[in-house]
Amino acid sequence: MRQVLTGHGASRGSALGRARVRLPHALEVAEEHIAPSAVPAELRRLHTAIDAVRVEMRNMRDRLHGALAHEVGEFLDLHSLLLDDPELLQGLDDLVAKGLYAADYALRLQRDRLAAVFEAMDDAYFRSRVEDIDHVIGRVHAMLHKRDADLKGVAGEILVADSVAPAELSQLQSQGVLAVVTAGGSALAHSAILARSLHLPLVVGVPQALQQVNDGDVLLVDGSSGTIIIEPKAPDLREYRTRLRDEKRERKQLHRLRREPSRTLDGVDIRLWANAESREDVTGAHALGAAGVGLYRTEFLFLQRSELPDENEQFRAYRDVALAMTGRTVTIRTMDIGADKADRTGLALADEPNPALGLRGVRLSLARTPVFETQLRAILRASGYGPVRILVPMVSGREEMLAVAGTIRRVSRDLREEGHEVAEHVPLGAMIEVPAAAIALSCFIDTVDFVSIGTNDLTQYLLAADRGNDALGDLYSPLHPAVLKLLHGVIRTARARGKPVAVCGEMAGDPALTPLLLALGLEEFSLHPATLLEVRRAIRAQELAALRASAPTLLRCRDRDAIERWLAKVPAA
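None of the values given here were measured: they were computed from a predicted structure.

Calculation rules
- Residues numbered from 1 in each chain as written.
- Predicted model: local features only at pLDDT ≥ 70, side-chain atom pairs only at ≥ 80, totals over all residues.
- Heavy atoms only, no water.
- Helix = DSSP H or I, 4+ residues; strand = E, 2+ residues; numbered from the N terminus.
- Buried < 20%, exposed > 50% of the residue type's maximum accessible area, 1.4 Å probe, protein only.
- Contact = heavy atoms within 4.5 Å.
- Areas by Shrake-Rupley, 256 points an atom, 1.4 Å probe, with all protein chains shown as cover.
- Phe/Tyr/Trp six-rings, centres within 6.5 Å; stacked < 30°, edge-to-face > 60°.
- Lys NZ or Arg CZ within 6 Å of the ring centre and 35° of its normal.
- Arc of directions from axis to C-beta.
- Polar contact = N/O pair within 3.5 Å; in protein donor to acceptor, adjacent residues only side chain to side chain.
- Pairing = 2+ DSSP bridges.
- Axes fitted to C-alpha atoms, helices over the stretch in contact; angles between N-to-C directions.
- Salt bridge = Lys/Arg side-chain N within 4 Å of Asp/Glu carboxyl O.
- Parallel < 35°, antiparallel > 145°, perpendicular 65-115°, else oblique.
- Left-handed = near helix turned anticlockwise from the far one by under 90°.
- Nonpolar A, V, L, I, M, F, W, Y, C, P; charged D, E, K, R; others polar.
- Expected span 1.5 Å × (residues − 1).
- Core = buried A, V, L, I, M, F, W, Y, C linked by side-chain atoms within 4.5 Å.

Colleague: What is the right way to read the overall build of the protein chain from this model?
Modeller: Secondary structure summary: the protein chain contains 26 helices and 16 strands in total. The buried share of the protein chain, reckoned over its 573 residues, is 56%. Sequence-distant contacts, at least 24 apart, represent 70% of the contacts inside the protein chain between residues at least 6 apart. Total accessible area on the protein chain is roughly 24300 Å²; 51% of this is exposed by carbon and sulfur atoms.

The structure is reproduced here in structure tokens:
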């Protein structure tokens, strides 16, 4: 029987396939005791399963590369750390050896204990980690029974689940999953961001999905509108085929824009930079005609290992990016690592009560001077091979930028004395993602050469809303009047002092928001290469003068609905 469910479109694209329903994980295991003589064998069985899951996740990690290594690997690292957690392991051993419980029931008891501790915490970040505990425990339980914890035989199917972890998405796509529908989730969460980079259709926030969809039902999913049709009829199928033709035609049209300028209808050129992390990203950015790399993440050098990268390893990575861009500027962001990044090197604090507000970004760099100086040496040496800029994350104010500038001067002098070629001037920029930095930018704008706005964290901190918290999906939105006013203030302050300013968060890569950012005065975007052509098309459809003239109306909007109405009046690309 035909039914229509609605949610939030989180990743564009259409899909038609049979449903594979995955119910929320629940470790329903009956209480089972063992004899004292069976304890050694039961412990061996448990440890064998844990070791097998470690190998499984390490193999998954090794298969990742590029941006996926950063987005997905971070979560796999966290799951690996949970498997090595002494409290988890010792608790399991005690339940088996002292409680005489079977390994299956010990897993359930230990899962419930840890979940209760995490759920009782005040910090939303740690409460959200219960899902990771379930994921890890579920894998160990499956391995105990020689079952694969992952879905198999899903090629050509559409996954319907309560939620989906970022670490699963690339694996699901490689197994042939056509689309994903979740009962919870947010269009701005990590999973949604990754789905968009994978071009995997995703609809989130469909609470009735698990009740209404059955295994084997035929589903028609529209990742743009957030519509799911169960057992579609002939008119639905005709509309689907039309949509596929339109999407194919759109891809061809976008392809033609690879060599076209990012120029508005009234002749204003807008710079499109690319966010990158790998050679593949850089190659894609170059082929799409990006002005340069606006954000090169360096964390992947630190997070995929248990020891710190040395100067020469970092230098080679940064040099290769500079060479690959053939004279176009590369903006290298210094390490943005904190306790929430599953760091294995011992660099970040392991027990911070609130990692999002802790020792991360420039704070960590200034606290670990030798490590920071090593990274700066590598970046500055790379400046001899092509134009390079340095971008500093998590800046709060003037003192930090002065300290960084002083360190750069000292390191540059040392490198030149050692005979290394260093560019005469390497521009220094601040990443504006802390509200204090946005509000007080005029107090330290003289210490920087350029500004880059990280709208993901800026929105999160400004609204006090964790973007990964499903319950706050409606609150966390860049279309909040306070966010727009703050963005406008940062752009106006930077431009008044003649300093280039770009947006490098998710807003920059959303073509629906391109007119809004142009109206606020933005002339530089830094975005994932996957969305560069769509944003270029959106720019070429706008008349900048008209958008700027309507900016006062936009800034007078008092709520999200009013901002969306303003956007609806803008000519579509």
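So that's the structure; there's more coming.
Colleague: Whenever I open this one, the packing of aromatic side chains confuses me. Can you help?
Modeller: Aromatic ring pairs: the centre-centre distance and the angle between the two ring planes describe each pair. Summed over the entire model, instances satisfying the criterion amount to three aromatic pairs. For the pair Y296 and F300, a centre-to-centre distance of 6.2 Å together with 90° between the ring planes defines the contact as edge-to-face. Here Y296 falls in the buried class, since its relative accessible area comes to 2%. Geometry around F450 places R389 over its ring, the cationic atom sitting 3.8 Å from the centre.

Colleague: Is there a simple way to explain the environment of H528 in this structure?
Modeller: Along the chain, H528 turns up in the loop between strand 16 (524-527) and helix 23 (532-540). Judged by its relative accessible area of 30%, H528 falls in the partly exposed class. When the C-alpha positions of H528 and L295 are compared, they lie 9.5 Å apart, and in sequence the two are 233 residues distant.

Colleague: Could you clarify how one ought to interpret helix 26 (residues 560-568) in this entry?
Modeller: For the α-helix, the turn length of 3.6 residues means that residues three or four positions removed from each other point alike. Among the residues of helix 26, A562, I563, W566 and L567 are the ones counted as buried. Summarising the axial view, the buried residues of helix 26 lie within an arc of 145°, below the 170-degree limit, and thus occupy one face. For helix 26, the exposed residues set more than 90 degrees away from the buried face come down to R565 and A568. Packing partners of the buried residues in helix 26 comprise helix 21 (481-496), helix 22 (514-519), helix 24 (544-549) and helix 25 (551-555). Two or three places before D561, at the start of helix 26, stands the capping residue D559, its side-chain oxygen 3.3 Å from that residue's backbone nitrogen.

Colleague: What is the right way to read the sheet that holds strand 2 (residues 8-11) from this model?
Modeller: Hydrogen bonding along the main chain pairs the strands of a sheet, whether they run parallel or antiparallel. Ordered by their spatial adjacency, eight strands build an open sheet running 1-8-7-3-4-5-6-2, and the pairing between neighbours is mixed. Of all strands in the sheet, those bounded by a partner on one side alone are strand 1 (3-6) and strand 2. In this sheet, neighbouring strand axes are inclined to one another by 30° on average, regardless of whether the strands run parallel or antiparallel. Here strand 2 runs beside strand 6 (residues 202-204); their pairing, made up of three bridges, is antiparallel.

Colleague: Teacher, can you tell me more about the pattern of salt bridges here?
Modeller: Any two side chains of opposite charge can pair, on the condition that their charged atoms come close. Tallied over the full model, the rule gives 30 salt bridges. Between R45 and E42 there is a salt bridge, with the nearest N and O atoms lying 2.9 Å from each other. Taken together, the residues R45 and E42, both in helix 1 (residues 39-63) and three residues apart, mark about one turn of the helix. On the basis of relative accessibility, which here comes to 28%, the residue R45 falls in the partly exposed class. Counted as one network, the salt bridges with shared partners bring together E299, R333, D336, R360 and D457.

Colleague: Which parts of the structure should I look at to understand the pairing of strand 8 (residues 227-230)?
Modeller: In regular strands, side chains alternate between the two faces of the sheet. Relative to strand 8, strand 1 runs antiparallel, the two being bridged by four bridges. Among the inter-strand pairings, Q3 is bridged to a residue of strand 8, identified as I230. Note: strand 7 (residues 218-222) against strand 8, four bridges, orientation antiparallel. Looking at strand 8, one finds that L220 is bridged to I229. Counting the residues between successive antiparallel strands, the hairpin from strand 7 to strand 8 contains four residues, one of them, G226, with a positive phi of roughly 80°.

Colleague: How do you make sense of unusual backbone geometry when you look at a structure like this?
Modeller: It is generally the case that most residues other than glycine have a negative phi and that most peptide bonds are trans. With a phi angle near 45°, T326 is a residue other than glycine that sits in the positive phi range. Of note in the backbone geometry, M394 takes a positive phi value of approximately 60° without being a glycine. Of note, M394 is situated in the loop between strand 12 (388-392) and helix 17 (398-417). Among the residues examined, M394 registers a relative accessible area of 1% and is labelled buried.

Colleague: Explain the packing of helix 16 (residues 369-382) against helix 17 here, please?
Modeller: Helix-helix packing is characterised by the crossing angle of the two axes and by the distance between the axes. The N-to-C vectors of helix 16 and helix 17 enclose an angle of 60°; their axes lie 10 Å apart at closest approach. Considered as vectors, helix 16 and helix 17 are oriented oblique to each other. Crossing handedness for the pair helix 16 and helix 17: right-handed. Residues F372, E373, L376, R377, L380 and R381 of helix 16 lie in contact with helix 17, whose contacting residues are V404, T407, I408, R410, V411, S412, D414 and L415. Partitioned by chemical class, the residues of the contact of helix 16 with helix 17 number seven nonpolar, two polar and five charged.

Colleague: How do you make sense of helix 16 when you look at a structure like this?
Modeller: In a regular helix each residue adds 1.5 Å, so 14 residues correspond to 20 Å; helix 16 covers 20 Å between its end C-alpha atoms and thus fits that length. The buried fraction of helix 16 amounts to ten of the 14 residues, a majority that puts the element mostly inside the structure. Listing the buried residues of helix 16 in full gives V371, F372, Q375, L376, R377, A378, I379, L380, R381 and A382. On its buried side, helix 16 packs onto helix 13 (300-303), helix 14 (311-324), strand 11 (330-333), helix 15 (362-367), strand 12 and helix 17.

Colleague: I would appreciate a short explanation of the nonpolar core in the present structure.
Modeller: Most often, soluble globular proteins keep nonpolar side chains buried together rather than apart. Ranked by internal contacts, the top residues of the largest apolar core, which has 98 residues, are L516 and F525. Non-local contacts of L516, meaning those with residues more than four positions away in its chain, are made with L479, L484, M507, L554, I563, W566 and L567.

Colleague: Explain the packing of helix 14 against helix 16 here, please?
Modeller: Orientation of helix 14 relative to helix 16, taken along the N-to-C sense of each, is 35°, at an axis distance of 8 Å. When the axes of helix 14 and helix 16 are compared, the crossing they make is right-handed. On helix 16, the residues that touch E311, N312, Q314, F315, Y318, R319 and A322 of helix 14 are T374, Q375, R377, A378, I379, R381 and A382. Looking at the contact of helix 14 with helix 16 residue by residue, the classes come out as six nonpolar, four polar and four charged.

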